[in-house]
Each structure stands twice: as structure tokens, then as C-alpha cells.
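# Structure at a glance
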Amino acid sequence: PNTPLPPPRVAVVIFILKNRSILLGRRRSTVGDATFALPGGHLEFGESFEECAAREVKEETGLELGRNKIEYLTVTNNVFLEQPKKCHYVTVFMRVVLDVEEEHVVKNMEPDKCYGWDWYAWENLPNPLFWPLEKMLKGGFDPFAI
Ligand code: 8DG
Ligand code: MG
Ligand code: MG
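Residues numbered from 1 in each chain as written. Chains lettered and ligands numbered in written order. Predicted model: local features only at pLDDT ≥ 70, side-chain atom pairs only at ≥ 80, totals over all residues. Heavy atoms only, no water.

## Considerations on the coordination of the magnesium ion (ligand 2)
In this structure, Glu-56 (OE) and Glu-60 (OE) serve as the protein donors to the magnesium ion (ligand 2), at separations of 2.0 to 2.3 Å. Between the two metals, the magnesium ion (ligand 2) and the magnesium ion (ligand 3), the spacing is 3.3 Å, and Glu-60 donates to both. Here Glu-60 and Glu-56 lie together in helix H1 (residues 49–61), a separation of four residues that amounts to about one turn. By relative accessible area, Glu-56 is classed as buried at 7%. (Donors = N, O, S within 2.8 Å, 3.2 Å for Na, K, Ca; no water. Helix = DSSP H or I, 4+ residues; strand = E, 2+ residues; numbered from the N terminus. Buried < 20%, exposed > 50% of the residue type's maximum accessible area, 1.4 Å probe, protein only.)

So this is what it looks like as C-alpha cells:
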């Protein structure tokens, strides 16, 4: 039977940069299960992209972005047809650069949704990356360069 397709949704995800590393978590989800992805989630009613990014980071990792400058980087269109549940996301990519001098404790706040967070060197990213991220990076996108 044909299940009706859900409308496209807006997701906000964030590159958290520290030195030459980024924060990635291995997903536990029907979408992109076991792949490495950025922190982030669904834009809620009335939120700015910056507010959504900061909220999701706090909910998922416990990190407080507080007075750090959160910047918009780019947007991509991602249609997931090969997943158990078909879905379509317009994904907004943000960035924050953390102070190298400060200590940043990252916790796995939603262990039902993520196997764990860790820092990965940009020159040596883990595999497999979540497909929308993979696609961008293969296209030459560099969150450090902008
Ligand atoms: P929420 O209930 O907390 O709002 O949502 P979530 O459970 O945190 O949602 P999510 O799956 O983490 O993110 C929503 C969608 O964003 C995801 O299903 C597909 C899209 N998305 C990308 N790239 C990335 C990425 O690198 N990381 C995350 N987390 N989501 C991404 O297109
Ligand atoms: Mg979330
Ligand atoms: Mg999430």
C-alpha cells in the first residue's frame, strides 16, 4: 500500500569546530542509522537558525554555546527515498568555532538517538558519514575555509 509522503521539513545542523576537528555522533535512527552526523534537529515554531542550533546542541551533547558566535554557512536539499520512512529535509548548516583554550565536555544526552559524540580530525573523518554530509564534503565544501 502507498503510504502518503510527509511534507518537507527544515533541519538545522551545526559544524562545531575546535582546532582542526569537528564534533560528530553516530546516529541511532531510521534515517541514516549508524552513520556519523553533525548535531542538530528540527526547526521549531518561531526559532531563528541560531537558536535552533544552540538548543539542539544543548539537548544532544550538553554543550552550552552561550556567547559563542553561531554563523550561517549554507543550505542543502535532501530527499531520503531509500530509508524505511521516506522523508525530505531542507538542511541549514551553521558553524561555531570554539575557543581552543576552553574545556568542552560533551555528553551523550540522548543515547536512544546517538551512540556517542566525539571530536574527529577534519583530515581523518570517520566512515560512513551521514549521506547529506558526505555529499557536501565530496563536493568540496570546507567549513573551515568560509
Ligand atoms: P528533534 O526531535 O530533536 O527536533 O530532532 P532530531 O531527532 O534531533 O533530528 P535529527 O534526525 O538529528 O535531524 C533532523 C534531520 O536533519 C535528519 O533526519 C536529516 C537532517 N540532517 C541532514 N544532515 C544532518 C546531519 O548532519 N545531522 C543531523 N542531526 N541531521 C541532519 O540533512
Ligand atoms: Mg535533537
Ligand atoms: Mg539530532
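## A word on the pattern of salt bridges
Should the charged atoms of two oppositely charged side chains come close, the side chains can pair. Enumeration over the complete set of coordinates arrives at ten salt bridges. As a salt-bridge pair, Glu-71 and Lys-69 come within 3.5 Å of each other at their nearest N and O atoms. Assessed through its relative accessible area of 22%, Glu-71 is described here as partly exposed. For Glu-134, the salt bridge is made with Lys-138, and the minimal N-O distance between the two is 2.9 Å. Pair noted here: Glu-134 and Lys-138 are both in helix H2 (residues 131–138), with a separation of four residues, about one helical turn. (Salt bridge = Lys/Arg side-chain N within 4 Å of Asp/Glu carboxyl O.)

## Considering the nonpolar core
Judged by nonpolar contacts, the single largest core of 18 residues is most densely connected at Phe-15, Ile-22 and Leu-24. Elements that contribute at least two residues to this core include exactly strand E1 (9–18), strand E2 (21–27) and H2. Beyond its immediate sequence surroundings of up to four residues, Phe-15 is in contact with Ile-22, Leu-38, Leu-73, Phe-93, Met-94, Arg-95, Val-96, Leu-133, Met-136, Phe-141 and Pro-143. Core analysis: the next-biggest nonpolar cluster, separate from the first, contains 16 residues, Ile-16, Leu-63, Leu-65 and Val-92 among them. (Core = buried A, V, L, I, M, F, W, Y, C linked by side-chain atoms within 4.5 Å. Contact = heavy atoms within 4.5 Å.)

## Points about the site of ligand 1
For ligand 1, the set of nearby residues contains 16 residues, the closest of which are Arg-27, Leu-38, Glu-60, Thr-91 and Lys-113. Gly-40 is positioned such that a nitrogen or oxygen atom in its backbone is 3.0 Å from an oxygen atom of ligand 1. At 3.0 Å from an oxygen atom of ligand 1 is found a side-chain nitrogen or oxygen belonging to Glu-56. In the complex, 87% of the free accessible area of ligand 1, which totals 610 Å², lies under the protein chains. Residue assignment for the shell around ligand 1 shows that the elements contributing at least two residues are E1, strand E4 (40–42), H1 and strand E6 (87–97). The dominant element in the shell around ligand 1, judged by the number of residues it contributes, is E4, at three residues. (Near = heavy atom within 4 Å. Polar contact = N/O pair within 3.5 Å; in protein donor to acceptor, adjacent residues only side chain to side chain. Areas by Shrake-Rupley, 256 points an atom, 1.4 Å probe, with all protein chains shown as cover.)

## Quick look at the side chain of Glu-110
Topologically, Glu-110 is positioned in the loop between E6 and strand E7 (114–121). One buried charged side chain, Glu-110, makes no salt bridge at all; its nearest oppositely charged neighbour is Lys-113, positioned 4.2 Å away. Glu-110 has contacts with Glu-59 and Glu-60, leaving out every residue within four places of it along the chain. (Lys, Arg positive; Asp, Glu negative; His and termini not counted.)

## Let's talk about H1
The end-to-end C-alpha distance of H1 is 18 Å, a good match for the 18 Å that 13 residues give at a rise of 1.5 Å each. Looking only at H1, the buried set comprises Cys-52, Ala-53, Arg-55, Glu-56, Val-57, Glu-60 and Thr-61. Packing partners of the buried residues in H1 comprise E1, E2, E4, strand E5 (70–80), E6 and E7. Trailing H1 by a residue or two, Gly-62 shows a phi angle of about 80°, which is positive. (Expected span 1.5 Å × (residues − 1).)

## Looking at unusual backbone geometry
Note the cis peptide between Asn-127 and Pro-128, where omega equals -10°. By the element assignment, Pro-128 lies in the loop between E7 and H2. The phi angle at Asn-19 is positive, at roughly 50°, despite the residue not being glycine. Tracing the backbone through its elements, the reader meets Asn-19 in the loop between E1 and E2. Of the residues examined, Asn-19 reaches a relative accessible area of 51% and is grouped as exposed. Even without being a glycine, Ala-34 presents a positive backbone phi close to 70°. Within the secondary structure layout, Ala-34 lies in the loop between E2 and strand E3 (36–37).

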